[in-house]
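Architecture and fold: a report
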Amino acid sequence: MTEFNRKIVLASRPAGRPRLTDFRLEQAEMPEPTDDQVLLETIYLSLDPYMRGRMSEAKSYAEPIAIGGVMVGATVAKIKQSRHPDWKEGDIVVAYSGWQSHAVSDGSDLRAVDPAVAPISTGLGVLGMTGFTAYAGLHNIGCPKAGETVVVAAASGAVGSVVGQIAKIAGARAVGIAGGAEKCAFVKAALGFDAVVDHRAPDFVERLAEACPDGIDVYFENVGGHVWDAVLPLLNDFARVPLCGMISHYNDDALAKRSVDRLPVTMRDIQQKSITVRGFMNVEFIEQQQNFLKAAAGWIADGTLKWREDIVDGLQNAPAAFIGLLEGRNFGKLVVRISPKQ
Ligand code: NDP
């Protein structure tokens, strides 16, 4: 039977919320590895908020995906065929091969996955880019001390769940913000945060203040918007804010038009309370990745670090799952299982 490569390409650039018609499923010839290349068979595809930015032409830290180009993304893949001296058939790797069932790689984007440490899908989450982002942002910018209060939004998600747990390991008090009762219950009971507040509740602002009686020393910013509005008045003098992302604005054309101007209040508080706000990209700290992987493997082995995955089956279902991610419909690290036979 002839095998094809199935891929999802960008059909059109979204205005605001992406639509299913912005994506197109295509079938192409199976790629052939040349010397020093491998053929990858995708097992899991990571869906991440940054992909929304790549669909847009707006100026950014990375090139936009071309119309008709394969959607970008990290994957866990099996090496199906190797003509590369460093990799053999059957090896499991993290790659950056995008929304497709197969791809060739010259090896430069590959990292070996050790299935003995944890299920291989975690190479995209708790032991992957999102776990590392939490570690790098918290340790290099947040610098939590024992007894301090660390608040993180999107706390049941890929980055936020790890931020709170590492804050606890550092001896800090971890307060999560999450959307809805089910996610909040998970953050408190399963992840062990000290407190959690539902940002969809009508009394969210009051509840957050109650959960932080000594103010906030570190706020790990994943969300922006109304969550930032509630956090800002609670930030203590000399608070640190690792600015990791602002997902509530990714579909928001109003941001470009500046229809909601948070800037004067934000700047005033930053100045008057000597707050440090530091944006970052995880790759800035990439030399710390091995330290992170070692530490995280230890925390997983002794049960300190927990995670939750939201696994969607089938490449064809990736667009709908991605649209849902930008609206909080995922519950845990969002991953698409591409190859069910693994
Ligand atoms: P998550 O797994 O946390 O999923 C996204 C979550 O964001 C949703 O489940 C939802 O949680 C919340 N959310 C979505 N839309 C909104 C909204 N409109 N208002 C409020 N909350 C919303 O995603 P990640 O952990 O992968 O990413 C979290 C953040 O980290 C993102 O901003 C992302 O861009 C950023 N990031 C930055 C990196 C860097 O290097 N700087 C690297 C990786 C991620 P809930 O329902 O609980 O509100």
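Residues numbered from 1 in each chain as written. Predicted model: local features only at pLDDT ≥ 70, side-chain atom pairs only at ≥ 80, totals over all residues. Heavy atoms only, no water.

There is a patch of nonpolar side chains on the surface, built from Tyr 61, Met 281, Val 283 and Ile 286 and spanning about 400 Å² of accessible area. Along the chain, the position of Tyr 61 falls in the loop between α1 (51-54) and β4 (75-82). A residue is classified by how much of its surface remains accessible, and Tyr 61, at 53% relative accessible area, is exposed. (Patch = residues over 30% accessible without salt bridge, like charges linked within 9 Å, V, L, I, M, F, W, Y side chains within 5 Å. Areas by Shrake-Rupley, 256 points an atom, 1.4 Å probe, with all protein chains shown as cover. Salt bridge = Lys/Arg side-chain N within 4 Å of Asp/Glu carboxyl O. Helix = DSSP H or I, 4+ residues; strand = E, 2+ residues; numbered from the N terminus. Buried < 20%, exposed > 50% of the residue type's maximum accessible area, 1.4 Å probe, protein only.)

Taken together, the neighbourhood of the ligand is formed by 30 residues, with Lys 183, His 199, Asn 222, Tyr 250 and Asn 330 sitting nearest. A distance of 2.9 Å separates an oxygen atom of the ligand from a polar atom in the backbone of Ala 158. Relative to its unbound accessible area of 910 Å², the ligand is 92% covered by the protein chains. The residue makeup of the shell around the ligand, split by class, is 15 nonpolar, 12 polar and 3 charged. The two domains that each donate at least three residues to the shell around the ligand are domain 1 (4-125 + 307-337) and domain 2 (129-284). (Near = heavy atom within 4 Å. Polar contact = N/O pair within 3.5 Å; in protein donor to acceptor, adjacent residues only side chain to side chain. Nonpolar A, V, L, I, M, F, W, Y, C, P; charged D, E, K, R; others polar. Domains from an automatic or database assignment.)

Moving on: the sheet that holds strand β13 (residues 276-279). As summarised here, the arrangement of the 6 strands in space is β10-β9-β8-β11-β12-β13, forming an open sheet in which the pairing is parallel. Unpaired on one side and paired on the other, β10 (195-198) and β13 mark the two borders of the sheet. Adjacent strand axes in the sheet meet at a mean angle of 15 degrees when their direction is disregarded. Relative to strand β12 (residues 235-243), strand β11 (residues 216-220) runs parallel, the two being bridged by 2 bridges. Directly across from Ile 216, in β12, lies its bridge partner Leu 235. The strands that helix α4 (residues 181-189) touches are β9 (173-178) and β10; relative to β10, the one it contacts most, it runs at about 170 degrees. Here helix α5 (residues 204-211) sits on the sheet in contact with β9 and β10, set at roughly 170 degrees to β10. (Pairing = 2+ DSSP bridges. Axes fitted to C-alpha atoms, helices over the stretch in contact; angles between N-to-C directions. Contact = heavy atoms within 4.5 Å.)

Quick look at the pattern of salt bridges now. Tallied over the entire structure, the rule returns 18 salt bridges. Ionic pairing is found between Glu 210 and Arg 207, a salt bridge with its closest N-O pair at 3.9 Å. Of this pair, Glu 210 and Arg 207 both sit in helix α5, 3 residues apart, which is roughly one turn of that helix. Under the relative-accessibility criterion, Glu 210 is labelled exposed at 56%. Each of Arg 17, Glu 327 and Arg 329 takes part in salt bridges that share partners, so that together they form one network.

Our focus in this paragraph is the pairing of β9. Of all 6 residues in β9, 5 are buried; the element is thus mostly enclosed. Here strand β8 (residues 149-153) pairs with β9 via 5 bridges, running parallel. Residue pairing for β9: Thr 149 is matched across the bridge by Arg 173. Running through helix α3 (residues 158-169), the crossover from β8 to the neighbouring parallel element β9 is right-handed. (Right-handed = clockwise from strand over helix to strand, strands pointing away.)

What follows deals with the nonpolar core. Looking at soluble globular proteins, one finds that nonpolar side chains tend to be buried together. Judged by nonpolar contacts, the single largest core of 36 residues is most densely connected at Leu 127, Leu 138, Val 163, Val 187, Phe 193, Phe 220 and Leu 305. For this core, the elements supplying multiple residues, two or more each, are α2 (129-142), β8, α3, β9, α4, β11 and α9 (289-301). With 6 residues, α2 is the single largest residue contributor to this core. In contact with Leu 138, not counting residues within four places along its chain, are Cys 143, Pro 144, Val 150, Val 163, Ile 166, Ala 167, Val 218 and Phe 220. The next biggest cluster of nonpolar side chains, apart from the first, holds 23 residues, and it includes Ala 211, Val 231, Leu 235 and Ile 275. (Core = buried A, V, L, I, M, F, W, Y, C linked by side-chain atoms within 4.5 Å.)

Our focus in this paragraph is α4. Taken residue by residue, α4 has Lys 183, Cys 184, Phe 186 and Val 187 as its buried positions. Angularly, the buried residues of α4 cover 160 degrees about the axis, an arc narrow enough to put them on a single face. Those residues of α4 that are exposed and aimed more than 90 degrees away from the buried face are Ala 181, Glu 182 and Ala 189. Where the residues of α4 are buried, they touch β9 and β10. (Arc of directions from axis to C-beta.)

With respect to the secondary-structure elements, Asp 198 resides in strand β10. Side-chain polar atoms of Asp 198 contact the backbone nitrogen of Gly 180, separated by 2.9 Å. Aside from chain neighbours lying at most four places away, what touches Asp 198 is Ala 178, Gly 179, Gly 180, Ala 181, Cys 184 and Phe 204.

A word on the domain arrangement of the protein. What the domain assignment lists for the protein is domain 1 (4-125 + 307-337) and domain 2 (129-284). Centre-to-centre separation of domain 1 and domain 2, based on C-alpha positions: 28 Å. Each partner contributes to the roughly 1,400 Å² buried at the junction of domain 1 and domain 2, and carbon and sulfur atoms together form 58% of this total. There are 0 salt bridges connecting domain 1 and domain 2. Taken together, the links from domain 1 to domain 2 amount to 5 residue pairs in polar contact (both at pLDDT 80 or more). (Buried area = accessible area lost by both parts, 1.4 Å probe.)

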